[in-house]
Amino acid sequence: MQTLQRMTVADFDTWVTQPSNTDQDYEYIAGEAVAVVSNNYCSQVAMLIGAFITVHVRANGLGHVTGADGGYAVNGERYIPDVGFIRKSRQPEPSRESYNPNAPDLAVEVVSPTDAEKQLTVKLSNYLAAGTTVWIVYPDEREVHVHTGQGAQVINETGILDGGSLLTGLTLPVNQIFPEENTA
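Residues numbered from 1 in each chain as written. Predicted model: local features only at pLDDT ≥ 70, side-chain atom pairs only at ≥ 80, totals over all residues. Heavy atoms only, no water.

Asker: Honestly, the nonpolar core in this entry has me stumped. Any pointers?
Answerer: Across soluble globular proteins, you tend to see nonpolar side chains buried next to one another. Membership of the largest hydrophobic core comes to 24 residues, with the highest contact counts inside it found for Ile49, Ile53, Val108, Trp135 and Val137. Only α2 (40–60), β7 (83–87), β9 (106–110), β10 (133–138) and β11 (143–148) provide two or more residues apiece to this core. No other element matches α2, which puts six residues into this core. When residues no more than four places from it in sequence are discounted, the contact partners of Val137 are Val45, Ile49, Val108, Glu109, Val110, Val111, Glu143, Val144, Ile177 and Phe178. Of all hydrophobic cores here, the second largest spans 14 residues; its members include Tyr79, Tyr127, Val134 and Ile136. (Core = buried A, V, L, I, M, F, W, Y, C linked by side-chain atoms within 4.5 Å. Buried < 20%, exposed > 50% of the residue type's maximum accessible area, 1.4 Å probe, protein only. Helix = DSSP H or I, 4+ residues; strand = E, 2+ residues; numbered from the N terminus. Contact = heavy atoms within 4.5 Å.)

Written out as structure tokens, the structure reads:
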């Protein structure tokens, strides 16, 4: 992530809607506007996770799923998780705001080479303070760190992600979220 400048959240909310800033996605992390940058592989991992979650959520009428353009207000900051989920019981209709005023129930962050560890740590702390479960996906290590208010669990590619009480019935083998790599 490329840090652009320091500002207040009110300044960010105005700045990010200016025509010159709408061609890029930005997060507001610890007082700084940060450009969100990924790569094709990380984006594909996020899309696979989002596809599994979306199919499950729609089949069970659980709520709303957003992709890497869906922003959320989280503890006074602005985040754009790679995949976000919010229960229908908390928000009956999808938000039409640039940054949903409600924090997501689940945030999936796929770590790309440009992500700064310090910024990821700040985001994780704020997500957890807002009651959000966070799946941090490390594609190079082929593992997912599941963070809840009760601690963290590391699930490697032979393990299974469980939707728990948020996504009841969802089981997702971790090896299915990583695209097949051409070894030829």
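Asker: Sorry if this is basic, but what is going on with the packing of aromatic side chains here?
Answerer: Aromatic ring pairs are reported here in terms of the distance separating the ring centres and the angle at which the planes meet. Counting across every chain of the model gives five aromatic pairs. A ring pair is formed by Phe12 and Trp15, whose centres lie 6.2 Å apart and whose planes are at 35°; its orientation type is tilted. Remark: Trp15 and Phe12 occur in helix α1 (residues 9–15); sequence separation between them is three residues, near one turn of the helix. You can call Phe12 buried: its relative accessible area is 0%. With centroids separated by 5.3 Å and ring planes inclined at 40°, the aromatic side chains of Phe12 and Tyr28 adopt a geometry described as tilted. With a gap of 16 residues between them, Phe12 in helix α1 and Tyr28 in strand β2 (residues 26–29) connect regions that are remote in the sequence. Given the relative accessible area of 7%, Tyr28 is considered buried. What links up through ring pairs into an aromatic cluster is the set Phe12, Trp15, Tyr26, Tyr28 and Tyr99. Its guanidinium or amino end placed over the ring of Tyr79, Lys123 lies 5.6 Å from that ring's centre, counting from NZ or CZ. (Phe/Tyr/Trp six-rings, centres within 6.5 Å; stacked < 30°, edge-to-face > 60°. Lys NZ or Arg CZ within 6 Å of the ring centre and 35° of its normal.)

Asker: Just to check I follow, could you spell out the pairing of β7 for this structure?
Answerer: Each regular strand shows side chains that alternate between the opposite faces of the sheet. Among the five residues of β7, four are classified as buried, and the element is accordingly described as predominantly covered. Of the strand pairs in this sheet, strand β4 (residues 63–66) and β7 are connected by four bridges, and their pairing is antiparallel. When the bridges of β7 are listed, Val65 appears paired with Phe85. Two strands pair when backbone bridges link them, and β7 and β9 are joined in this way by three bridges, in the antiparallel orientation. When the bridges of β9 are listed, Val83 appears paired with Val108. (Pairing = 2+ DSSP bridges.)

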